[in-house]
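# Structural overview
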Amino acid sequence: MCAFAIILQYVLILLFCSFFLPVLHSYSPLCKLRKKFNFNGMHMEGDVVLGGLFKVHYSSIFPELSFTSEPNQPRCQGFDILGFRRAQTMAFSINEINKNSDLLPNVTLGYSLYDNCATLGIALRASLSLASGQEEQILLDETCVGSNPVLGIVGDSYSTFTIATSDVIGLFQLPIVSYYSTCPCLSDRKRFPSFFRTIPSDTFQVRAMIQILNHFSWTWVGLLVSDDDYGLHVARSFQSNMAQSGQGCLAYTEILPWGNDPTELRRIVNLIKTSTARVVIVFAHEIHMIHLMEEVVKQNVTGRQWMASEAWSTSTVLQTPLLMPYLAGTLGIAIRRGEIPGLREFLLQIRPDPNYNNSYGNSIVKQFWEYTFQCTFAPAPAGWVEAEGALCTGQEDLESAGTELLDMSELRPDYNVYKAVYALAYALDDMLRCVPGTGPFSGHSCASLQRMEPWQLVHYLQKVNFTTSFGDIVSFNENGDVLPIYDIMNWQWLPDGKTKVHGVGEVKRSHSKGEELTVDENKIFWNFEPKEPPRSVCSESCPPGTRMARKKGEPECCFDCVPCSDGEISNETGWCSCSIFLRHMLKMHGNNSLVSLDSMECTSCPEDYWSNARHDRCVPKRTEFLSFHEPLGICLTTTSLLGTFLCAVVLGIFILHRSTPMVRANNSELSFLLLVSLKLCFLCSLLFIGRPRLWTCKLRHAGFGIIFVLCVSCILVKTMVVLAVFKASKPGGGAVLKWFGAMQQRGTVLVLTSVQAAICTAWLVTSPPTPHKNTLYHNDKIVYECVVGSTVGFAVLLGYIGLLAILSFLLAFLARNLPDNFNEAKLITFSMLIFCAVWGAFVPAYVNSPGKYADAVEVFAILASSFGLLVALFGPKCFIILLRPEQNTKKAIMGRAATKS
């Protein structure tokens, strides 16, 4: 850009000197041009003249600059039919406006159209000529009043040319309305305050291209751009937009050289051939594509999906039998196609003007005529007639010439020219309809036809708003850009070998709906087998259950897929919420964000959920507790019910034989109470089976503690009674029995049990057991358990039971050698030994058992100790009652005692 600025400075200085330095004569009232340039063009006089810059020739040849003689003018070559048609479209538009009595009444528009010959120097000279005029001498009077040579310019066709032209012409606020310059830089209002365009900016074209990429899920593409402002700005914009969207990467970005550079083109095509990107986007001009495709054919690079910018998306030059095997199926962004009624008829009326004023330059109509009919107008150049060259008459039949000029099916840049001319005309019409005293200028003044300034037209251009006959609305935003709309084109290779560029959709922006993309995939021709869109990705999307791991040193679209960790998932769709469940959970927690499949991290499942085997969905965690339905739970439940049943049977036996000496011995009431408490012990074990609830957690430990104290206290009292009876049988011991009557026994049991009830009450009030979901044991399951709340409370509860059990064991152990008829102490000793052994082993087993197995250990301890008490205390008695009834008599018991003594 710095080199370009320096060159531009020198060009401006030379042009300024050529145009504006007068020949110095002392006190001369005449101003004379240093140099007059000879352009190709066409002109028509009018009250207001509009200028135009068009590419009517493909290139130019500059003369040798020896400076030993005056340099010749540059010479243009390679006639461009479509460029000529665009110039004629401007002439037609002005002619149509002049015939319209509702638009610019009583004002005749004229035009001065110049050929830029696809050369920056000629384009800049032509624009300055339009701004200053080509009159060789100007009479300077005292007022220096006069109309501008042109009031506005339609053009240019290249962004680079338009930038240079606008940088200069914009200094004079002369409005320029371009029909083909798309560089985003031209939207800079500070640098280009008087620039407008009827073609969308490349900013929108880039976004439209990215929308197409996203539509077909192409995330890995190559980008080729031309080495000019058009291409370089597009490259920056494309990279920026792709980075912001995060939905694709560029495999490579290459700059196509101007001219045929075989070495560089060979390198670029080889890169295309070796790259894994199957989609190639080209923002360049026809000439770049011609040179590029020559090398593509040499290297036979097939299997690529080409995407064309508007600069070549409808180019017929590339639609040849040689190139279509490679370019068939191309998708491109094309300028909006329009219809211009009457244009074809106007073009058929074109005839060279024999009276054309050559002071304006060469007539492009004559050049067109000579090119189309391969003839020349008199006077013919030397040797032309001798070589049997034809002379033009000007009356040749244009319609039968088969020229592309008359093809009205693809009016795209031409339609933009049409809109540009009408935009200037409507702005001028609004300006001339201004009512004095209500104008927008200083003192509410209005512009007049005689004293119009270009900057005044800029004001009205900014506000212009009209609808074309084709139905398109034309208005400019604050940056001079028109509402964007593009057609999406597809190069279709027909079975008969012909080529058709067919519209398959559009992308546009509206005030109400924003940017919209419409694509009819059924109309698209794909140059692949099978006939479907190709895949163009650096790495395939990670399958469900994996996450993306970036490859070091490569773009973000290139990654490896790493399996998700346990408890994490990745979704099975591209950009969506994780799952129905997870979406619901995220909403509950106020998080509505979406999770990408190709994210750097997998998504963790919520607390109560775990990943399934494929890691693509969160499922509820498996739950674990001592259930009634599992084998262990069934066994314990059966054992508990069996113990309850046996207690009931023993109780029934004792009730049936309650009058027998065996039952009545040693306080039968305590025996009945002990059997009931044992029955409750068996039943309370069922509270430890099943999913823990708040009430079961509180009841299981409190009930277990109170019932076991009731049971052990009955045994303790029975042991104490045995000792008391033994002492009472000795001389002087009768006074002891008064402390162990039936009332005292009941009271002792009640007091001892009440102490445990008080302990349980204090525990439940201060820090009760509660159900808890434990996830520390297993990540993939929830263990439901009852936490004791207060460890101290639970320890006191067990300690109190242990204290009574040990006391009972010691007293029974002391009474083990008493006479048989009193000796229930042996049975008590044996039963309490079993009880203490079971509960002594319980504590370490309970502490080291996780989850449901802790409950199973506690249930086993309850059942084992209960069975031990039941069998040890009541087994021998039931044996005598049922199987040895002859021993269940007072005489037998007393006899045994006498024998013993």
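Worth saying up front: this structure is predicted, and the values here are computed from it rather than measured.

## So, the overall build of the protein
- Summing up its helical and strand segments, the protein has 23 helices and 34 strands in all.
- The buried share of the protein, reckoned over its 901 residues, is 50%.
- Surface accessibility of the protein: about 42,500 Å² in total, with carbon and sulfur atoms responsible for 58%.

## Quick word on the nonpolar core
- Core analysis: the largest hydrophobic core is formed by 103 residues, its most contacted members being Phe238, Ile281 and Phe283.
- The residues touching Phe283, leaving out its near neighbours within four places in the chain, are Gln205, Val206, Met209, Leu223, Leu224, Val225, Ser226, Tyr230, Gly231, Val234, Phe238 and Ser309.
- Counting residues in each nonpolar core, the second largest holds 67 residues, with Val721, Val749, Trp839 and Leu863 among its members.

## Describing the sheet that holds strand E14 (residues 305-308)
- Overall, mixed pairing links the 8 strands, which are arranged E12-E11-E13-E14-E15-E21-E22-E23 in an open sheet. Every other strand in the sheet has two partners, leaving strand E12 (249-256) and strand E23 (514-519) as the edge strands with one partner each. Sheet twist, expressed as the average angle between the axes of neighbouring strands with direction ignored, equals 25°.
- Taken together, the 5 bridges between strand E11 (residues 220-226) and strand E13 (residues 279-283) define a ladder with parallel strand orientation.

## Some thoughts on empty space enclosed by the protein
- Scanning all chains against the criterion turns up 1 cavity of 30 Å³ or more.
- Taken as a whole, the largest cavity spans an internal volume of roughly 50 Å³.
- As for the largest cavity, its lining consists of Val301, Thr302, Gly303, Arg304, Trp306, Pro325, Tyr326, Asn527 and Phe528.
- Within the lining of the largest cavity, the residues separate by chemical class into 5 nonpolar, 3 polar and 1 charged.

## Brief notes about the sheet that holds strand E34 (residues 781-787)
- One open sheet accounts for 3 strands, arranged E32-E34-E33; its pairing is mixed. Since the sheet does not close on itself, it has two edges, and those belong to strand E32 (622-624) and strand E33 (770-774), each with one partner. Neighbour to neighbour, the strand axes of the sheet diverge by 25° on average, direction disregarded.
- Of the pairings in the sheet, the one linking E32 to E34 comprises 3 bridges and is parallel in character.

## Details of the state of the cysteines
- Under the counting rule described, the total for this entry stands at 9 disulfides.
- The disulfide that involves Cys183 links it to Cys185, with 2.4 Å between the sulfurs. Residues Cys183 and Cys185 are joined by a disulfide whose S-S torsion is about 130°; by sign, that bridge is right-handed. Of the two residues examined, Cys183 and Cys185, each falls in the buried class.
- Each sulfur of the disulfide joining Cys434 and Cys446 lies 1.9 Å from the other. Linking Cys434 and Cys446, the disulfide has an S-S dihedral of approximately -55° and is accordingly described as left-handed. One end of the pair, Cys434, is in the loop between helix H12 (413-432) and helix H13 (454-463); the other, Cys446, is in the loop between H12 and H13, with 12 residues separating them in the sequence.

## Details of the pairing of E12
- Pairing of E11 with E12, which is carried by 7 bridges, proceeds in the parallel orientation. In the sheet register, Leu224 faces E12, and the bridge partner there is Glu254.
- Note on the crossover from E11 through helix H6 (residues 229-245) to E12: the handedness is right-handed.

## What to know about the pattern of salt bridges
- In the structure shown here, the tally under the stated rule is 26 salt bridges.
- Between Arg412 and Glu410 there is a salt bridge, and its shortest N-O distance comes to 2.6 Å.
- Accessibility expressed as a relative area gives 3% for Arg412, which makes it buried.
- The class of Glu410 is partly exposed, set by a relative accessible area of 28%.

## Some remarks on the side chain of Lys55
- On the secondary structure map, Lys55 appears in the loop between strand E3 (48-54) and strand E4 (57-61).
- One polar contact links Lys55 to Asp80, side chain to side chain, over a distance of 3.5 Å.
- Setting aside anything within four residues of it in sequence, one finds Lys55 in contact with Asp80, Gly83, Asp115, Asn116, Ala118, Ser157, Tyr158 and Tyr179.

## Digging into the packing of aromatic side chains
- Considering all chains together, one arrives at 31 aromatic pairs under this definition.
- Through a chain of ring-to-ring contacts, the aromatic side chains of Phe79, Phe84, Phe368, Trp369, Tyr371 and Phe373 assemble into a single cluster.
- The side chain of Arg86 reaches across the aromatic face of Tyr180, ending 5.4 Å from its centre.
- Of note, Lys366 hangs over the ring of Phe377, and the distance from its end group to the ring centre comes to 5.8 Å.

## What to know about the environment of Thr203
- Structurally, Thr203 is set in helix H5 (residues 202-215).
- Distance in space between the C-alpha atoms of Thr203 and Phe238 is 8.3 Å, their sequence separation being 35 residues.
- The contacts of Thr203, once residues within four sequence positions are left out, are Pro184 and Ser237.

## Overview of a nonpolar patch on the surface
- On the surface, a cluster of nonpolar side chains totalling about 290 Å² of accessible area is made up of Leu641, Val676, Leu680 and Leu683.
- The biggest single contributor to the nonpolar patch is helix H17 (residues 668-684), with 3 residues.
- As for its placement among the helices and strands, Leu683 is situated in helix H17.

## A short note on the environment of Val504
- Inspection of the secondary structure assignment puts Val504 in strand E22 (residues 499-510).
- Spatially, the C-alpha atoms of Val504 and Phe525 are 9.7 Å apart, while their sequence positions differ by 21 residues.

## Some remarks on unusual backbone geometry
- Cis rather than trans, the peptide bond between Ala378 and Pro379 has omega equal to 0°.
- Residue Pro530 follows Glu529 across a cis peptide bond; omega there is 0°.
- Within the secondary structure, Pro530 sits in the loop between E23 and strand E24 (546-550).
- Backbone geometry places Asn106, a non-glycine residue, at a positive phi of 65°.
- Following the sequence through the fold, Asn106 ends up in the loop between helix H2 (81-99) and strand E6 (109-115).
- The phi dihedral of His444 falls on the positive side, at around 55°, and the residue is not glycine.

## Description of the layout of surface pockets
- Volume-wise, the second largest pocket comes out at about 960 Å³.
- If you list the elements that add at least two residues to the lining of the second largest pocket, you get H2, helix H8 (286-299), strand E15 (331-335), H12 and E22.
- Ranked by the residues each element gives to the lining of the second largest pocket, the list is headed by H2, at 5 residues.
- Grouping the constituent residues of the lining of the second largest pocket by class yields 19 nonpolar, 14 polar and 12 charged.

About the criteria used
- Residues numbered from 1 in each chain as written.
- Predicted model: local features only at pLDDT ≥ 70, side-chain atom pairs only at ≥ 80, totals over all residues.
- Heavy atoms only, no water.
- Helix = DSSP H or I, 4+ residues; strand = E, 2+ residues; numbered from the N terminus.
- Buried < 20%, exposed > 50% of the residue type's maximum accessible area, 1.4 Å probe, protein only.
- Areas by Shrake-Rupley, 256 points an atom, 1.4 Å probe, with all protein chains shown as cover.
- Core = buried A, V, L, I, M, F, W, Y, C linked by side-chain atoms within 4.5 Å.
- Contact = heavy atoms within 4.5 Å.
- Pairing = 2+ DSSP bridges.
- Axes fitted to C-alpha atoms, helices over the stretch in contact; angles between N-to-C directions.
- 1 Å grid on protein atoms, 1.4 Å probe; cavity = no way out; pocket = protein on both sides within 12 Å on 5 of 7 lines; lining within 4 Å.
- Points joined across faces, edges and corners; volume = space filled by probe spheres on them.
- Nonpolar A, V, L, I, M, F, W, Y, C, P; charged D, E, K, R; others polar.
- Disulfide = S-S within 2.5 Å.
- Right-handed = clockwise from strand over helix to strand, strands pointing away.
- Salt bridge = Lys/Arg side-chain N within 4 Å of Asp/Glu carboxyl O.
- Polar contact = N/O pair within 3.5 Å; in protein donor to acceptor, adjacent residues only side chain to side chain.
- Phe/Tyr/Trp six-rings, centres within 6.5 Å; stacked < 30°, edge-to-face > 60°.
- Lys NZ or Arg CZ within 6 Å of the ring centre and 35° of its normal.
- Patch = residues over 30% accessible without salt bridge, like charges linked within 9 Å, V, L, I, M, F, W, Y side chains within 5 Å.

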